[in-house]
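Below, each chain spelled out in residue letters.
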Amino acid sequence: MRALILGGTADASLLAEALSQARLDAIYSYGGRTRAPADQPLPTRTGGFGGAKGVADYIRREGITHVVDATHPFAVEMSRNAIAACGDTGTPLVALERAPWARTAGDNWIEVADIASAVAALPENRARVFLAIGRQHIAPFGTRPQHAYTLRFVDPPEGALPFDADVLVSRGPFTLEDELEMIRSRGIEWIVARNSGGNGARAKIDAARALGLPVIMLSRPQLPDRPRVESVAEVMQWLGHRACLGA
Ligand code: NAP
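This one's a predicted model, so the numbers in the text were calculated from it and none came from an experiment. (Residues numbered from 1 in each chain as written. Predicted model: local features only at pLDDT ≥ 70, side-chain atom pairs only at ≥ 80, totals over all residues. Heavy atoms only, no water.)

(A) Quick peek at the pairing of strand E11 (residues 214–218). Among the five residues that make up E11, five are buried, leaving the element largely enclosed by the rest of the structure. Neither face of E11 is left uncovered, since the one carrying Pro214, Ile216 and Leu218 and the one carrying Val215 and Met217 both have all their residues buried. Of the strand pairs in this sheet, strand E6 (residues 108–112) and E11 are connected by five bridges, and their pairing is parallel. By the bridge assignment for E11, Ile110 is matched with Ile216. The pairing of strand E10 (residues 190–194) with E11 spans four bridges and is parallel. (Buried < 20%, exposed > 50% of the residue type's maximum accessible area, 1.4 Å probe, protein only. Helix = DSSP H or I, 4+ residues; strand = E, 2+ residues; numbered from the N terminus. Pairing = 2+ DSSP bridges.)

(B) Quick peek at unusual backbone geometry. Residue Pro173 is reached from Gly172 by a cis peptide bond, and omega for that bond is 0°. Counting through the fold element by element, Pro173 comes out in the loop between strand E9 (166–169) and helix H5 (176–186). Although it is not a glycine, Arg23 sits at a positive phi angle of roughly 55°. Considering the arrangement of structural elements, one finds Arg23 in the loop between helix H1 (10–21) and strand E2 (26–30).

(C) Layout of the nonpolar core. Ile5, Leu15, Leu19 and Leu96 are the most contacted members of the largest nonpolar core, which totals 21 residues. Looking at this core, the elements with two or more residues in it are strand E1 (3–6), H1, E2, strand E5 (93–96) and helix H7 (232–238). Among the elements that make up this core, the one with the highest residue count is H1 (five residues). If you look at the next biggest cluster of nonpolar residues, it comprises 20 residues, including Ala118, Val119, Ala127 and Leu218. (Core = buried A, V, L, I, M, F, W, Y, C linked by side-chain atoms within 4.5 Å.)

(D) Representation of the domain arrangement of the protein. With domains assigned, the protein is organised as domain 1 (3–99 + 223–238) and domain 2 (108–218). In this structure, domain 1 and domain 2 have C-alpha centres spaced 28 Å apart. Contacts between the two partners involve 11 residues from domain 1, matched on the other side by 13 residues from domain 2. Together, the buried faces of domain 1 and domain 2 total about 890 Å²; carbon and sulfur atoms form 46% of this surface. At the surface where domain 1 touches domain 2, the tally comes to one salt bridge. A salt bridge links Arg35 to Glu158, with the shortest nitrogen-to-oxygen separation between them at 3.4 Å. Our count for the domain 1 to domain 2 interface comes out at five residue pairs in polar contact (both at pLDDT 80 or more). Of the residues that constitute the side of domain 1 that touches domain 2, the class distribution is six nonpolar, two polar and three charged. (Domains from an automatic or database assignment. Contact = heavy atoms within 4.5 Å. Buried area = accessible area lost by both parts, 1.4 Å probe. Salt bridge = Lys/Arg side-chain N within 4 Å of Asp/Glu carboxyl O. Polar contact = N/O pair within 3.5 Å; in protein donor to acceptor, adjacent residues only side chain to side chain. Nonpolar A, V, L, I, M, F, W, Y, C, P; charged D, E, K, R; others polar.)

(E) Representation of the sheet that holds E10 within the structure. Strand order in the open sheet formed by six strands is E6-E11-E10-E7-E8-E9, with parallel pairing between adjacent strands. Among the strands making up the open sheet, the edge pair consists of E6 and E9. For this sheet the average axis-to-axis angle between neighbouring strands, irrespective of direction, equals 20°. Where strand E7 (residues 128–132) and strand E8 (residues 148–153) come together, four bridges link them in parallel fashion. Across the sheet, Arg128 pairs through a bridge with Ala148, a residue of E8. (Axes fitted to C-alpha atoms, helices over the stretch in contact; angles between N-to-C directions.)

(F) Inspection of the sheet that holds strand E12 (residues 228–229) at higher detail. The strand order across the open sheet formed by six strands is E3-E2-E1-E4-E5-E12, and the pairing between neighbours is parallel. Two strands close off the open sheet at either side, each with one partner strand: strand E3 (44–46) and E12. In the sheet, strand E4 (residues 66–69) pairs with E5 via three bridges, with the strands oriented parallel. Across the sheet, Asp69 pairs through a bridge with Ala95, a residue of E5. Along the sheet, helix H3 (residues 76–89) contacts E1, E4 and E5; its crossing angle with E5, the most-contacted strand, is approximately 160°.

Structure, rendered in structure tokens:
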């Protein structure tokens, strides 16, 4: 067995730890978006494969027998390419993906399907808006320049941003107290977020609920059907091993 872990998430790091403790043969793959990604206890490769064909070539060249897609639920290009490449090479694939957050009492969500709808859902009058959506998706918000935007990135931005913004450079996960402090100190009135699910990114949603703020919530993009599990333990079972961690 030789597994390829498509990573870049907290869940992928937990899985890497479990695989390492079980002494399983696995390679961890980073997309290369962050300059100093967390060290992994597995052999690691970094950067795109070159589309679905590149993933298929990699699977054949490296003798990969199982692929675990543990990318962020909004990393749809990578996930689509993995589905195509595994289909092409006949390699078993499973997605490790937390369930989306569900709206609870006190949440004031406007659920939207895409970035254009998120832009359109902002109020007409000037507001202070926290865009928690990843830097490659921010440009369309430049069409609503009346708002004061706050952005938060893991690395300082390279080059000019598409509009003026208050930029925070900080790596999560963030606690509820962190998020309450950030929102209050900047007078944030609206939040735009992706429905990532899991605990690592949810403190801002809990903070919005506590403060009664509206959240424009981007729904998960649709992907072709694929086997999907929600825990590291289930991935380990899928690979035919018991998890060494209580994950
Ligand atoms: P994307 O749009 O689906 O991917 C764009 C391209 O980047 C892919 O087609 C692929 O290039 C390359 N790529 C993405 N993930 C890769 C991986 N794990 N290994 C090798 N190549 C990868 O993805 P994205 O939304 O830009 O996200 C990029 C990475 O950041 C993902 O690994 C994702 O898990 C991570 N991420 C983490 C968080 C978080 O909150 N922890 C949030 C967002 C993204 P080729 O076509 O050349 O193969």
